[in-house]
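Fold and contact review
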Amino acid sequence: AWVRRHIDRTRTKWNADRAPMARAIAELKHFETAQKHFEVAKLAWIRADYSLVAAHAQRSVALDSTLPSAQYLLGLISLETDALQEALSAFSAAEQLDPGHAFGQALLHRARVQHLLGDQNASLTSFEQYTRTHGSNHRSNYWHGEALATAGRSEEASMAYRAAAADPKSRLTAEENWFRALARVRCWRVDRTEQTAGGSK
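Here we summarise the structure given alongside this text. Every chain begins its residue count from 1, and numbering advances along the sequence as written. Per-residue local features of the predicted model are confined to residues with pLDDT of at least 70, and side-chain atom pairs are confined, for both listing and counting, to 80 or more; whole-chain, interface and lining totals are unaffected and use all residues. Derived side-chain values reflect all non-hydrogen atoms in the structure, with water molecules and hydrogen atoms excluded from consideration.

1. As for the environment of Q96
By the criteria applied, helices consist of DSSP H or I runs no shorter than four residues and strands consist of E runs no shorter than two, each listed in order from the N terminus. Here Q96 shows up in helix α6 (residues 84-97). C-alpha of Q96 to C-alpha of A106: the two residues are ten residues apart in sequence and 9.5 Å apart in space.

Have a look at this one:
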């Protein structure tokens with residue numbers, strides 16, 4: 001699963017045409033707008049040029065904080081670089097400006113960052129809101145399971161991991177397949193722990 005994910009990301013990066021980004025950067029020298037900075041940041045994100053993403057996403061938001069797409073992208077790059085407070089602010093802004101932004105991904109990532117920051121009550125509330133509004137998938141179930149486990153709700157965490165590990169009956173994207181693989185490892189460890197505990201009685 002890791003190899004497939006790595007290959008998929010590398011293929012996306014190298015197949016991305018640099019020309020549109022170069023044109024957008026050239027245009028910024030003559031006329032600076034929040035939208036144009038966002039376009040550069042988005043194209044740089046596809047190419048995994050994270051320093052360029054950060055600079056242009058931050059500038060886009062500085063010029064116009066009401067662009068949910070720019071806020072969301074700023075959240076992604078902030079999460080990628082472990083700037084968690086900035087990521088939380090950006091994802092929250094994107095969700096507030098456009099509820100359900102990016103098919104619910106702003107809300108899901110907000111939940112994830114809240115968990116990483118140790119705010120489990122807020123995290124679980126956000127995960128529940130995401131599931132109620134947008135359903136669930138292998139990644140959301142896996143992240144939800146981690147938050148539940150941290151909160152000490154082990155039985156619910158186990159259910160979330162099993163949902164994340166379930167056979168989808170169809171081909172998954174490389175990203176979703178990665179989270180399913182992680183969940184399967186978690187389930188295996190839980191089963192081994194339970195078997196060990198049962199055998200020691």
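The discussion continues.
2. Points about the pattern of salt bridges
Within this document, salt bridges are pairs made up of a side-chain nitrogen of Lys or Arg and a carboxyl oxygen of Asp or Glu, the two lying within 4 Å of each other. According to the stated counting rule, one finds eight salt bridges in the structure shown. Members of the salt-bridge network, linked through shared partners, are E27, K36 and E39.

3. Quick word on the side chain of Q120
Along the polypeptide, Q120 turns up in helix α8 (residues 120-134). For every residue, the accessible area obtained with a 1.4 Å probe (protein chains only) is divided by the maximum for its type, and the residue is called buried under 20%, exposed over 50%, and partly exposed between those limits. Take Q120: its relative accessible area is 13%, and that puts it in the buried class. In contact with Q120, other than residues within four places in its own chain, are H115, A147, T150 and A151. What makes two residues a contact is simply this: any of their non-hydrogen atoms within 4.5 Å.

4. Concerning the environment of S154
By the element assignment, S154 lies in helix α10 (residues 154-165). In this structure S154 comes out as exposed when scored by relative accessible area, which is 54%. For the pair S154 and V190, spaced 36 residues apart in sequence, the C-alpha to C-alpha distance is 10.0 Å.

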